[in-house]
Amino acid sequence: MSQRSAIRRIALVLGSLSVLLIAYLLLWPIPIRPVAWTPSPIPALTGVHAKNDDLRSAAPLTTVGKGPEDLVLGPDGHVYTGLEDGRIVRFRPDRPDEITTYVNTGGRPLGLKFANDGYLIVADGARGLLSVNKDRLVQTLTDSVGDSPLIFVNHLDIAADGTIWFSDSSQRFKGDALLDMMEGSATGRLLSYEPRTGMTKVHLDGLRFANGVSVGPDDEYVLVSETLEARIKRLWVKGPRRGESDTFVDQLPGYPDNISYNDDGLFWVALPMPRVKAWEDLASKPLVRAVLMRLPSVPAPSPDPVAWIVGLNANGEVVRSHQSWGGDYSLVTGVTEINGTLYLGSIYLEAIARLSVPERLVVGD
């Protein structure tokens, strides 16, 4: 074989491999159907959002198991949280190392809230909306609405009249936030469940990863985090605007997760990570995201580790912004205030952290 023929054959092989590689990157089946969307501007970390180290003292309090995302104080004085292995565990604030298992849902308990009758209501990412009675019997309240299954029940809150408000993060991906965010198709929903009638109803849809839920003061409205949009939506349920929805706060500096109300005019919001410009630049490039899905490992946003919570007043204004960059605790997905103490949870870690509410207010600083 002549040298020219050998070169020609090598070129042919390389060309064929290139065609196969391009075909693979463009045509190989993937689980997502990416859509284009437009993120809001990312605010500068100045003013109200200026970097600080307020959460530096939030060292891990106790190791409970993988993924204590949400925390709630029970009527028995215990703090409860759900774990990746299906367990809901509890401990007393004065004896945090004495962890006991309350129940195992057999799914993935995420959001937790106690109803007035003492039953524990659970937003279970695998099973739907659950109830745990005082005998620790787990029952399904709802796992569908009409002909639509609840794929990814995430968080909840309960109004004074017993209505349970909860989020269904995605109608596309069961328990997989990364796939939903890579697709960006906005199938999240805010729903309610009425215990007296057993009726489940959709109130808001088209949300880009519906997440944390909180009922507002006097049950006048309900908030829901729209994580991928870095904003929180509001649904009015009382008064002249009943049935209307608007934006409570937008252009947050991080991706909002769980919300909790402290019964004193402040909503605490967990920001697991700051917004990532390089990742959001792909929002308008669905073809690029599809190609990335065909790589051996899907690239995910990986900003510097930070613990970050913000406090919002009733007008949706950020009046507190407490952070810790590179500290012992990070990736906060849930924050609950109990008697002047903040309890922090994380779906990514194995420990809960605790600290006194920082005295510093950002407004007026």
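None of these values were measured; they are calculated from a predicted model.

This next bit is on the sheet that holds strand 6 (residues 109–114). Remark on secondary structure: sheet strands pair via backbone hydrogen bonds, oriented parallel or antiparallel. With respect to topology, 4 strands assemble into an open sheet ordered 6-7-8-9, the strand pairing being antiparallel. This sheet does not close on itself; its edge strands, each paired only once, are strand 6 and strand 9 (138–142). Between one strand axis and the next, the sheet turns through 30° on average, direction left out of account. As paired elements, strand 8 (residues 128–132) and strand 9 share 4 bridges and run antiparallel to each other. Bridge assignment links L129 to a residue of strand 9, and that residue is T142.

Quantified by volume, the largest pocket comes out at close to 770 Å³. V72, K113, D157, Y261 and D263 are, among the 33 residues lining the largest pocket, the residues nearest its centre. Only strand 2 (71–73), strand 6, strand 12 (153–158), strand 16 (210–215), strand 20 (259–261) and strand 24 (334–338) provide two or more residues apiece to the lining of the largest pocket. If you tally residues by element for the lining of the largest pocket, the top one is strand 12, at 4 residues. Looking at side-chain class alone, the lining of the largest pocket contains 17 nonpolar, 9 polar and 7 charged residues. Each pocket or cavity is described by its volume, and for the second largest pocket that value is around 590 Å³. As for the second largest pocket, its lining consists of 27 residues, and the residues nearest its centre are A177, L178, M181, I347 and Y348. A total of 3 residues in the lining of the second largest pocket trace back to one element, the largest contributor, which is helix 2 (residues 177–183). Its residues assigned to classes, the lining of the second largest pocket shows 16 nonpolar, 6 polar and 5 charged.

Applying the stated rule across the entire model yields 18 salt bridges. The closest approach of N and O atoms between R56 and D53, which form a salt bridge, is 2.9 Å. By relative accessible area, which is 41% here, R56 ends up partly exposed. For R241, the salt bridge goes to D246, with nearest N and O atoms at 3.3 Å. Accessibility expressed as a relative area gives 32% for R241, which makes it partly exposed.

Tracing the chain through its elements places L287 in helix 4 (residues 286–293). Each C-alpha atom, one on L287 and one on V35, is 8.7 Å from the other, the two residues being 252 residues apart in sequence.

Core analysis: the biggest nonpolar cluster contains 19 residues, and I32, M182 and W279 have the highest contact counts within it. Going through the elements one at a time, helix 2 and helix 4 are the ones with two or more residues in this core. Considering every element that reaches this core, the biggest residue donor is helix 2, with 3 residues. Of all hydrophobic cores here, the second largest spans 17 residues; its members include F248, V306, W308 and V310.

Each aromatic ring pair is described using two quantities: the centre-to-centre distance and the angle formed by the ring planes. The tally for this structure, following the rule as stated, stands at 10 aromatic pairs. Both rings, one in Y221 and one in W236, keep their centres 5.4 Å apart while their planes meet at 70°; by these two values the pair is edge-to-face. Placement of the pair is Y221 in strand 17 (residues 221–226) and W236 in strand 18 (residues 231–236), with a sequence separation of 15 residues. Each of the two residues, Y221 as well as W236, counts as buried. Grouping aromatic residues by their ring pairs yields a cluster made of Y221, W236, F248, Y261 and F267. Seen from the ring of W325, K51 lies directly overhead, with NZ or CZ sitting 4.2 Å from the centre. Directly above the ring of Y221 sits R234, whose terminal nitrogen or CZ lies 5.4 Å from the centroid.

Among the residues of helix 4, those classed as buried are R289, A290, L292 and M293. For helix 4, the arc enclosing every buried residue in end-on projection is 160°, short of the 170-degree limit, so these residues lie on one face. Residues of helix 4 that are buried in the fold lie against helix 2.

Ordered in space as 2-3-4-5, the 4 strands form an open sheet in which the pairing is antiparallel. Either end of the sheet is taken by a strand with one partner, and the two such strands are strand 2 and strand 5 (95–104). Adjacent strand axes in the sheet meet at a mean angle of 25°, parallel and antiparallel pairs treated alike. When strand 2 meets strand 3 (residues 79–82), the two strands line up antiparallel, connected through 3 bridges. Bridge assignment links V72 to a residue of strand 3, and that residue is Y80.

Parameters at a glance
- Residues numbered from 1 in each chain as written.
- Predicted model: local features only at pLDDT ≥ 70, side-chain atom pairs only at ≥ 80, totals over all residues.
- Heavy atoms only, no water.
- Pairing = 2+ DSSP bridges.
- Helix = DSSP H or I, 4+ residues; strand = E, 2+ residues; numbered from the N terminus.
- Axes fitted to C-alpha atoms, helices over the stretch in contact; angles between N-to-C directions.
- 1 Å grid on protein atoms, 1.4 Å probe; cavity = no way out; pocket = protein on both sides within 12 Å on 5 of 7 lines; lining within 4 Å.
- Points joined across faces, edges and corners; volume = space filled by probe spheres on them.
- Nonpolar A, V, L, I, M, F, W, Y, C, P; charged D, E, K, R; others polar.
- Salt bridge = Lys/Arg side-chain N within 4 Å of Asp/Glu carboxyl O.
- Buried < 20%, exposed > 50% of the residue type's maximum accessible area, 1.4 Å probe, protein only.
- Core = buried A, V, L, I, M, F, W, Y, C linked by side-chain atoms within 4.5 Å.
- Phe/Tyr/Trp six-rings, centres within 6.5 Å; stacked < 30°, edge-to-face > 60°.
- Lys NZ or Arg CZ within 6 Å of the ring centre and 35° of its normal.
- Arc of directions from axis to C-beta.
- Contact = heavy atoms within 4.5 Å.

Shape descriptors only; they carry no functional weight alone.
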